[in-house]
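Single-letter residue listing:
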Amino acid sequence: SHTPLHRKQAIMDGPSMRPFAAMSVLRPPPVAYAAMEKPADWKNFVLGAGIQCAEAATLGMPFEVWKTRMGRHRNESTLEAFKNVYQRGGIGGFWAGTGPKMIESATKGAILMYAKEAINESCVASGMGVTTAGILAGAGGGVSQVVVMGPSTFLVTGAVTGDKSISTMQRISRTWNTHGLKGFYPGGTAIAFRQATNWASRQGFTEFVRERMKITLYGRKDAKLTKSEEALSGIMGGTMACWNHPFEVARIEAQSRADQGQKAMNMVSVMNMIVKEQGMSGLFKGLIPRVGLGIWQTLFMVTGVKLVKDTLKEGGYI
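The residue numbering used here restarts from 1 in each chain and proceeds along that chain's sequence as written. Only residues with pLDDT of 70 or above have their local features reported here, since the model is predicted, and side-chain atom pairs are shown and tallied only from 80 upward, although totals for entire chains, interfaces and linings are computed over all residues. Water and hydrogen atoms play no part in the side-chain values, which are based on all heavy atoms of the structure.

Thoughts on the nonpolar core
Put simply, a nonpolar core is a bunch of buried Ala, Val, Leu, Ile, Met, Phe, Trp, Tyr and Cys residues held in one set by side-chain atoms that sit within 4.5 Å of each other. Whether a residue is buried, partly exposed or exposed follows from its accessible area with a 1.4 Å probe, protein chains only, as a fraction of its type maximum: under 20%, in between, or over 50%, in that order. Membership of the largest hydrophobic core is limited to 11 residues, which are Ala-190, Phe-247, Val-249, Ala-250, Ala-254, Met-267, Val-270, Met-271, Met-273, Ile-274 and Leu-283. The helix and strand labels rest on DSSP assignments: H or I over at least four residues marks a helix, E over at least two residues marks a strand, and numbering proceeds from the N terminus. Secondary-structure elements contributing two or more residues to this core are α10 (245-259) and α11 (267-278). Grouped together as the second largest cluster of nonpolar side chains are eight residues, Leu-47, Leu-112, Trp-199 and Val-302 included.

Here it is as structure tokens:
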């Protein structure tokens, strides 16, 4: 049985929690408890998994591989990295690591969709603005993804930057035998920062652009945008969300080092090393394919999700 909402609040305010009063800023707001009260909607899990897999199987993987190549080989230009990916594995090289990527996409898509939509609906229902609700929902959904993304991104990064003669199963076996479960989570802190800021920015910026577009084009906030206008807001939101690219470069470097048996470094140490070697510009290597990936993912997981759910609602399916 579920613990009632008022009981959860009482526990947080009870005597046993007083020693942690200084950490009260981290206490979830009431709307978060409301989101936890909601039963899981299997439709959100299915939609999230399906849409995210479609995103990755199309242009998502090529952008991911291209970006990952540049994040590790930071001496290469954008075009050089593209050419080297092709020379390494042909056209198929742009889909290196697709196996673990599909598992990652299905699981992270389902988790993102459920967590993000539940938080967003609860925030909006409480009277919160759509932009603020989008930021909170995106951050919550992004952090929820980390548990499944750590191992998958590690395996994809190894496939792109490591020894291509090693299969995914061999890489899994080697990592497990050497480091156990924790070996699949190098760069975990960078992943958490990236995912929280990724979806907070993609959802938040897209909702902000949508709201501004409604007022500018139609003079009111409750106007309905066309599909092309929705897509344009997603493109703008996905582009602006790439401000956090240094977290991604740090993640790629940390996971590449782990795959190749090099000394482990935390996120701050990795960033300092990159700045010393390449300057601040090193933290933005691979930005162009990352923008492409950000736009593509936002079109699927923010704009696309909204359009699909609106269509299903109009048809009476949800």
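A short note on the side chain of Arg-69
By the element assignment, Arg-69 lies in helix α3 (residues 42-72). Here Glu-76 takes part through its side chain, which lies 2.6 Å from a polar atom of the side chain of Arg-69. Should any heavy atoms of two residues lie within 4.5 Å, those residues are considered in contact. With sequence-adjacent residues up to four places away left out, Arg-69 is seen in contact with Glu-76, Ala-81, Asn-84, Val-85, Arg-88 and Val-160. Pairing of N or O atoms within 3.5 Å defines a polar contact, subject to two protein rules: one partner must be a possible hydrogen donor and the other a possible acceptor, and residues neighboring in sequence count only if both atoms are side-chain atoms.

A short note on the pattern of salt bridges
Any carboxyl oxygen of Asp or Glu within 4 Å of a side-chain nitrogen of Lys or Arg constitutes a salt bridge here. Inspection of the entire model under this criterion finds 24 salt bridges. A salt bridge links Glu-248 to Lys-67, with the nearest nitrogen and oxygen atoms 2.4 Å apart. Of this pair, Glu-248 sits in helix α10 while Lys-67 sits in helix α3, and the two are 181 residues apart along the sequence. Judged by its relative accessible area of 1%, Lys-67 falls in the buried class. Of the charged contacts, one joins Glu-104 and Lys-101 as a salt bridge, the two residues approaching to 3.4 Å between their closest N and O atoms. In this pair, Glu-104 and Lys-101 both sit in helix α5 (residues 98-125), three residues apart, roughly one turn of the helix. As far as the burial class goes, Glu-104 and Lys-101 line up, both buried. Here the salt bridges share partners, and the residues they tie into one network are Glu-64, Lys-67, Lys-101, Glu-104, Lys-108, Arg-194, Glu-248 and Arg-251.

Some thoughts on the layout of surface pockets
In this analysis a 1.4 Å probe is tested at points of a 1 Å grid over the protein atoms alone, and where it fits but cannot get out there is a cavity; an open set with protein on both sides within 12 Å along at least five of seven lines is a pocket; lining residues have an atom within 4 Å of a point. Grid points are joined across faces, edges and corners, and a volume is the space filled by probe spheres set on the points. Within this model, the largest pocket holds a volume of roughly 390 Å³. As for the largest pocket, its lining consists of 17 residues, and the residues nearest its centre are Glu-117, Asn-120, Gln-203, Glu-207 and Lys-306. When contributions to the lining of the largest pocket are tallied by element, the ones reaching two or more residues are α5, α8 (188-218) and α12 (287-314). At eight residues, the largest contribution of residues to the lining of the largest pocket is made by α12. For the lining of the largest pocket, the class distribution of residues is five nonpolar, three polar and nine charged. Amino acids outside the nonpolar list (Ala, Val, Leu, Ile, Met, Phe, Trp, Tyr, Cys, Pro) and the charged list (Asp, Glu, Lys, Arg) are all regarded as polar, and Gly is one of them.

Comments concerning the packing of aromatic side chains
Only rings of Phe, Tyr and Trp enter the pairing, Trp through its six-membered ring, and a pair is recorded when the two centres are within 6.5 Å. The plane angle decides the type: under 30 degrees is stacked, over 60 is edge-to-face, the rest tilted. By the definition in use, this model includes seven aromatic pairs. Taken together, a centroid distance of 5.1 Å and an interplanar angle of 20° make the contact between Phe-45 and Tyr-114 stacked. Of this pair, Phe-45 sits in helix α3 while Tyr-114 sits in helix α5, and the two are 69 residues apart along the sequence. Ring centres of Trp-296 and Phe-300 lie 5.1 Å apart, and the angle between their planes is 55°; on these two criteria the pair is classed as tilted. Of the two residues, Trp-296 and Phe-300 both sit in helix α12, four residues apart, roughly one turn of that helix. The exposure class of Trp-296 is partly exposed, given its relative accessible area of 22%. Linked through ring pairs, Phe-63, Trp-66, Phe-82 and Phe-94 together constitute an aromatic cluster.

Topic: empty space enclosed by the protein
The probe, sized like a water molecule, is rolled over the atoms to show the empty space still left. Scanning all chains against the criterion turns up one cavity of 30 Å³ or more. As a volume, the largest cavity reaches approximately 110 Å³. The set of elements that each furnish at least two residues to the lining of the largest cavity consists of α3, α5, α6 (130-161), α8 and α12. Among the residues making up the lining of the largest cavity, the classes are represented as three nonpolar, four polar and nine charged.

Description of the packing of α3 against helix α4 (residues 78-89)
Orientation is described by lines fitted to C-alpha atoms, with helices fitted over the stretch in contact, and by angles between N-to-C directions that extend from 0 to 180 degrees. Relative to each other, α3 and α4 sit at 115°, their axes nearing to 9 Å. It follows from the interaxial angle that α3 and α4 lie roughly perpendicular. The two elements α3 and α4 meet at a crossing, and its hand is right-handed. Residue-level contacts link Val-65, Trp-66, Arg-69 and Met-70 of α3 to Thr-78, Ala-81, Phe-82, Asn-84, Val-85 and Arg-88 of α4. Oblique is the label for any angle not covered by the other classes, which are roughly parallel (under 35 degrees), roughly antiparallel (over 145) and roughly perpendicular (65 to 115). Each crossing is labelled by how the near helix is turned from the far one, with a counterclockwise turn of less than a right angle marking it left-handed and a clockwise turn marking it right-handed.

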